[in-house]
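A structural walkthrough
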Amino acid sequence: MTTAELSVAGVSVTFGDAPALDTVTMHAPAGAIVGVVGPNGSGKTTLLRTIYRSLRPESGAVLIDGADITAMSVRAAARTTAAVLQSGAGAPELTVAEMVGLGRNPHHALFSRDSGDDREAVAAAMDRTGVTTYADRSVGSLSGGERQRVLLARALAQHPRLLVLDELTNHLDVRARFELLDLVRSTGITTLAVLHELDLAVRCCDHLVVLNHGRVVATGQVLEVMTPDLLRTVFGVIATTERHDDEIVRIHYAARPLAPAP
Ligand code: ADP
Ligand code: MG
């Protein structure tokens, strides 16, 4: 599976008169896992929406392998980028296999029957995410963690070159979070992941993009970005980072005091 390089160049989005994204520029090299972090309302979901074409920015451009996504057909864009969103599964009555099968839609003509390739892609995605044993269960009957695996399976069945994940790991227990992100890494697909838990972000991402009030306030290698100063000024917490072998292994939060609200 080939994987894409993503560039976001000066993207701005305004809702009403409030800017949600203000000239956001970022880059994800091919095969990297890039974490998008920031306080609530900082623009993380909005940034992702501009990348999977659910929202057209007022200015700036999103480039995949150097090509502006607005120049792609809807189907070509859907074959390139797969998203797992906060809003979840919808359609709880579908079986797991049917839900994962939806990932094949961009690959076949409308109303055409599933091909052998489709069935193979669905089976491989279910196998990889460990959901084959639930294939005939309804999506609505699954636990939160099982459902997230199914949504990831649907995204993988799409054979995307870019994965966009919005809080994929929310509501999962701590082990399931690491397992799911390990699974994402094992695919080798370039991934942009909004992560709420900073501990997870520092351990699972190659690069971070930090948003605050719709602006990129820091971007780069995890080690360079996740500093006590940033934790204080952006997240409003007093914290230190514990480092081993040039990796951040833990963020220690002081019980109090909090920094003044950022
Ligand atoms: P995050 O995902 O970082 O929590 P969002 O990208 O969802 O933040 O939102 C960024 C800002 O844009 C927030 O102030 C939010 O209220 C606003 N916003 C997001 N989507 C819409 C929308 N569809 N209409 C109006 N305002 C929106
Ligand atoms: Mg969000």
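Here, every reference points to the structure presented above.
Residues numbered from 1 in each chain as written. Chains lettered and ligands numbered in written order. Predicted model: local features only at pLDDT ≥ 70, side-chain atom pairs only at ≥ 80, totals over all residues. Heavy atoms only, no water.

As for the overall build of the protein chain
Condition: Numbered from the N terminus, helices here are DSSP runs of H or I no shorter than four residues, and strands are runs of E no shorter than two. Put simply, the radius of gyration uses C-alpha atoms, and a globule should come to 2.2 Å times the residue count raised to 0.38. Partly exposed describes any residue whose relative accessible area lies between the buried limit of under 20% and the exposed limit of over 50%, with all areas from a 1.4 Å probe on protein chains only and scaled to the type maximum. Contacts are assigned to residue pairs that have any heavy atoms within 4.5 Å of one another. A 1.4 Å probe and the Shrake-Rupley method give the accessible areas. Residues count as covered only by the protein chains that appear here.
When helices and strands are tallied, the protein chain shows nine helices and 12 strands. Whereas a compact globule of 262 residues would reach a radius of gyration of roughly 18 Å, the protein chain reaches 19 Å, a difference of no more than 12%. Principal-axis analysis of the C-alpha atoms places the extent of the protein chain at approximately 60 × 40 × 35 Å. In the protein chain, which comprises 262 residues, the share counted as buried stands at 47%. Once local pairs closer than 6 in sequence are excluded, the contacts in the protein chain between residues at least 24 apart make up 64%. By element, 51% of the accessible surface of the protein chain is carried by carbon and sulfur atoms, the whole surface being about 12,500 Å².

A short note on the pairing of strand β11 (residues 239-244)
Worth spelling out the cut-off: Between any two strands, pairing holds if DSSP finds at least two bridges.
Pairing geometry for β11 and strand β12 (residues 247-253), over six bridges, is antiparallel. Its bridge partner being in β12, glutamate 242 is matched across the sheet by arginine 250. Remark: two residues form the turn of the hairpin made by β11 and β12, two consecutive strands paired antiparallel; aspartate 245 in that turn has positive phi of roughly 45°.

Describing the sheet that holds strand β4 (residues 59-64)
By definition, the strands of a sheet pair up through backbone hydrogen bonds, in either a parallel or an antiparallel sense. Convention followed: A fitted line through C-alpha atoms represents every axis, and for helices the fit uses only the stretch in contact; the resulting angles, taken between N-to-C directions, go from 0 to 180 degrees.
Spatial ordering of the open sheet is given by β2-β1-β4-β5, a layout of four strands whose pairing is antiparallel. Since the sheet does not close on itself, it has two edges, and those belong to β2 (18-28) and β5 (67-68), each with one partner. Note: strand β1 (residues 6-15) against β2, seven bridges, orientation antiparallel. Residue pairing across strands places serine 7 opposite histidine 27, the latter belonging to β2. Where helix α1 (residues 44-51) meets the sheet, it contacts β1, β2 and β4, and its direction lies at approximately 120° from that of β1.

Looking at the pattern of salt bridges
The cut-off we apply is this: Any Lys or Arg side-chain nitrogen found within 4 Å of a carboxyl oxygen on Asp or Glu counts as a salt bridge.
For the coordinates displayed, the defined rule picks out 10 salt bridges. Note that aspartate 118 is salt-bridged to arginine 104, the shortest N-O span being 2.8 Å. Remark: arginine 104 occurs in the loop between α3 (96-101) and α4 (116-129) and aspartate 118 occurs in helix α4; sequence separation between them is 14 residues. The pair formed by aspartate 118 and arginine 104 is uniform in burial state, with each residue classed as buried.

These figures come from the coordinates and say nothing about function on their own.
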